[in-house]
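As a plain string of letters, each chain reads:
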Number of protein chains: 2
Amino acid sequence: MTIDDVAKKAGVSKTTVSRILNGDYSHSKEETKQRVIKTIKELNYRPNALAKGLKLMSTNIIGIVLSNLNNPFWSTVLEGVEDTCHKLGYSLMICNSDEDPKKEKHYIEEFQMRQVDGIVINPTVRNLQLYQQLVQANYPLVVINRRLKDFSINQVIGDNVQGSKLAVNHLLDNGRKKIAVTVYKNPYVSTWKERVEGYREAMLINGFSAYDLRILEIDPLSKSIKQVTMDFLKRNHDTDAVYSTNNMITLELIDAIRQLNLKIPEDIAIVSYDETPWAKYLEPPLTTVNQPGYEMGKIATQILVRSITEKNAQRPETVVLKPKLIIRESSNLNRQGLDLRR
Amino acid sequence: MTIDDVAKKAGVSKTTVSRILNGDYSHSKEETKQRVIKTIKELNYRPNALAKGLKLMSTNIIGIVLSNLNNPFWSTVLEGVEDTCHKLGYSLMICNSDEDPKKEKHYIEEFQMRQVDGIVINPTVRNLQLYQQLVQANYPLVVINRRLKDFSINQVIGDNVQGSKLAVNHLLDNGRKKIAVTVYKNPYVSTWKERVEGYREAMLINGFSAYDLRILEIDPLSKSIKQVTMDFLKRNHDTDAVYSTNNMITLELIDAIRQLNLKIPEDIAIVSYDETPWAKYLEPPLTTVNQPGYEMGKIATQILVRSITEKNAQRPETVVLKPKLIIRESSNLNRQGLDLRR
DNA sequence: TTGAAAGCGCTAACAT
DNA sequence: ATGTTAGCGCTTTCAA
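Residues numbered from 1 in each chain as written. Chains lettered and ligands numbered in written order. Predicted model: local features only at pLDDT ≥ 70, side-chain atom pairs only at ≥ 80, totals over all residues. Heavy atoms only, no water.

An unreviewed UniProt entry lists chain A under the name LacI family transcriptional regulator, with Pullulanibacillus pueri as the source organism.

If you want it as structure tokens, here you go:
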């Protein structure tokens, strides 16, 4: 079933069918137009997007490279990307680098062979040369979540330093003095580094010294994050608050605190990065730093599509999304008090 | 940069390059092969998958239609699909029907125009005619999660009746007598119907009568699931266990029980469908019916790829995946006791 | 207002 | 062992 079949059946040339198909009615008289449209419907004809793409050198497909499908933050980002693609008339190809630079490279090349019109990527930050090539080739690209230093490139990222300050200041406001931070150890990921940096800055600004910083760096491949965390809390037994930069660490942290027979928030207050579906249902409900994941996906897609359609070298833009603090009882004795009264 | 450029540079025809490119070395002598390979590398040439696809009428792309990106069950399924695609040399296009039959139809047609080799779908079950067309056209298709009754079609689904029996029997074993079930009201989704059916069967088999059944059907668009649940529990004040067929309902249920000042599991035991990242961290840790989501995605993809490559009308198969009960303290006084002792 | 024909980049049947 | 060529289904220039 091709455009030729439609043309024959309607008694016109494929040129005419092609025009009608693409909404160019200016060349045909009403009667022809109607006949062609009718024929298309009768045959239930659908144009072959491969042939169209080959001819036009453009596919209306964008690709996204994620590094983790299981974290709900990424589900939300993906939802934003998918919705926006749909609205703008693009299809979406997806893949998962799993933090593996080899896979990342493979997938980017795959996308290029498939002639996708542009790529959204949460980079492993371990293929710097490759990213640079893409930039130089003027390939439509938007980097999300992680900052690529010294790249002239479209980026949509969260303000992680600001998020940390919200968290730490809130803990200080609630009278906490011995505030620790937990973070995955990964030298490549700006996100996590910036969150620790924000913690450091907030502490120093508020009159603490470098000696007051309590930083627990956790190997992502660590057997038991809970055990590591318990050991840390034992070594720093007077810790009265923990700011966790990752929602999976947070769950292990809560477990660790429970097992040490300590109370949240009475003994240890908690604030965690990234709002999740479960945060408000934990016991006690968890205070979180909420990043607008859906927005991140949406804006990244909008910028990408813009840079696809307006090829005339507009300069790359960086959008920094502001986080919000969602205050719940895990960090807040007052709220806890209120709740008991109801 | 095309295959012609490579051919010219290497001083051979495009046929030869094409052969080498596709691993057919039998036609060329070693020296030619090496020269061509060298040239390909030097030019950093990547074949245009669009042209190849147009010629071959096959793209090595499969499409997946999901109905919800945010539920962690679907993230797990997607991970299984993505991994397996990668292993089998396929790329993946993704879209989200959002339970909207219009969108579902649109996306399936989009996939067809893009000549994807096959589709994995969690159907809205509201485009029966369309599914039937695909079957008749012998279009490679695998339905996951939801059963399509009276369709001769590949399916990979969970055994929901069995899952319910595991849940209910476990609750009965723990001495519960007044067991309720909560479920989203949606006449199209077999999954949920089957879970209630399994609850009914398990109750009747164990000597209860239809009068002992306590079924709470919840409108998915309901303003406050928590409120609805509280009302239900008040009306049925002697309920001593709830089997929740959905992980989002479960969170609201736990909240409702807390607000009624009842204890889990002392007053009300809970078992919930679908293991989640957070289940073991709830207070108390949640007993769940675990469906192998990753396996579901993996097996569906394998079946799909098989039905793509072995076009010779093999008959459709239905794979039913067995759920497992993960017993934690929300349903289990003994365990709770054990835990207190540690 | 309409159509003929070239060509997008690739593969494969068919020479040589 | 290698090359010539037709053609996959579409768009678009140019001619009528």
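Engineer: Just to check I follow, could you spell out the UniProt feature "domain: HTH cro/C1-type" (unreviewed entry) in chain A for this structure?
Structural biologist: The sites that carry the UniProt feature "domain: HTH cro/C1-type" (unreviewed entry) are, in the present numbering, residues 1-50 of chain A. Secondary structure content for residues 1-50 of chain A is 64% helix and 0% strand, while the C-alpha to C-alpha distance between its ends is 14 Å. (UniProt positions renumbered as here; feature names shortened; annotations may be inferred. Helix = DSSP H or I, 4+ residues; strand = E, 2+ residues; numbered from the N terminus.)

Engineer: Help me understand the protein's contact with DNA strand C, please; the structure alone is not making it clear to me.
Structural biologist: Close to DNA strand C lie 28 residues; Arg19(A), Thr32(A), Ile3(B), Ser18(B) and Tyr45(B) are nearest. Atoms of DNA strand C within 4 Å of the protein: sugar and phosphate make up 61%, bases the balance. At 2.3 Å, a side-chain N or O of Tyr45(B) approaches a phosphate oxygen of DNA strand C. Going through the elements one at a time, helix 2 (14-21) and helix 4 (49-56) of chain A together with helix 2 (14-21) and helix 4 (49-56) of chain B are the ones with two or more residues in the surface near DNA strand C. (Near = heavy atom within 4 Å. Polar contact = N/O pair within 3.5 Å; in protein donor to acceptor, adjacent residues only side chain to side chain.)

Engineer: What's the story with the pairing of strand 1 (residues 61-66) of chain B in this structure? I'm lost.
Structural biologist: All names here are of chain B. Of all 6 residues in strand 1, 6 are buried, a share of seventy percent or more. What you see with strand 1 is no split at all: Ile-61, Gly-63 and Val-65 on one side and Ile-62, Ile-64 and Leu-66 on the other are buried throughout. Looking at chain direction, strand 1 and strand 3 (residues 118-121) are connected through 4 bridges and run parallel. The partner of Ile-64 across the bridge, within strand 3, is Val-120. (Buried < 20%, exposed > 50% of the residue type's maximum accessible area, 1.4 Å probe, protein only. Pairing = 2+ DSSP bridges.)

Engineer: Help me out: how do you make sense of the pattern of salt bridges in this one?
Structural biologist: For side chains bearing opposite charge, pairing can occur when the charged atoms are close. Evaluation of the coordinates by the stated rule reveals 40 salt bridges over all chains. A salt bridge links Glu42(A) to Lys9(A), with the shortest nitrogen-to-oxygen separation between them at 2.9 Å. Of this pair, Glu42(A) sits in helix 3 (residues 30-43) while Lys9(A) sits in helix 1 (residues 3-10); the two residues are 33 residues apart in sequence, bridging distant segments of the chain. Under the relative-accessibility criterion, Glu42(A) is labelled partly exposed at 48%. For Lys9(A), a relative accessible area of 48% translates into the label partly exposed. The partner of Lys38(B) in a salt bridge is Glu42(B), and the shortest N-O contact between them spans 3.7 Å. Placement of the pair is Lys38(B) and Glu42(B) together in helix 3 (residues 30-43), with a separation of 4 residues, close to one helical turn. Exposure remark for Lys38(B): the relative accessible area of 54% places this residue in the exposed category. Taken together, the salt bridges that share partners define one network made up of Lys226(A), Asp255(A), Arg258(A) and Glu283(B). (Salt bridge = Lys/Arg side-chain N within 4 Å of Asp/Glu carboxyl O.)

Engineer: Any chance you could explain the domain arrangement of chain A here in plain terms?
Structural biologist: For interface size, the figure often reported is the accessible area lost on association. Domains assigned within chain A are domain 1 (1-45) and domain 2 (160-291 + 325-336). For domain 1 of chain A versus domain 2 of chain A, the separation of C-alpha centres amounts to 63 Å. (Domains from an automatic or database assignment.)

Engineer: How do you make sense of the UniProt feature "domain: HTH lacI-type" (unreviewed entry) in chain A when you look at a structure like this?
Structural biologist: On the UniProt side, "domain: HTH lacI-type" (unreviewed entry) is annotated at positions that read residues 1-56 of chain A here. The straight-line gap between the two end C-alpha atoms of residues 1-56 of chain A is 21 Å; of that span, 68% is helix and 0% is strand.

Engineer: How should the nonpolar core be read in this particular structure?
Structural biologist: One broad rule of soluble globular proteins: the nonpolar side chains tend to lie buried together. Formed by 52 residues in total, the largest nonpolar core has its most connected members in Val156(A) and Val156(B). Those residues within four positions of Val156(B) in sequence are excluded, and the remaining contacts are Val142(B), Val143(B), Ile144(B), Asn145(B), Met296(B), Ile299(B), Ala300(B), Ile303(B), Val319(B) and Leu321(B). Judged by nonpolar contacts, the second largest core, of 50 residues, contains Trp192(A), Phe232(A), Ile257(A) and Leu216(B). (Core = buried A, V, L, I, M, F, W, Y, C linked by side-chain atoms within 4.5 Å. Contact = heavy atoms within 4.5 Å.)

Engineer: Even after reading the chapter, I still don't get the relation of the copies chain A and chain B, so can you show me in this structure?
Structural biologist: What relates the pair of chain copies is a rotation about an axis plus a shift along that axis. Between chain A and chain B, the superposition needs a rotation of 180° and an axial shift of 0.1 Å, giving an RMSD of 0.1 Å. When the rotation and shift are considered jointly, the pair of chain copies conforms to a two-fold rotation axis. Every residue of chain A has its C-alpha some distance from the rotation axis, and the shortest such distance is that of Met93(A), at 2.1 Å. When the interface residues of chain A are mapped onto chain B, 100% of them again lie at the interface, so the same face is used by both copies. (Least-squares fit on C-alpha atoms with pLDDT ≥ 70 in both.)

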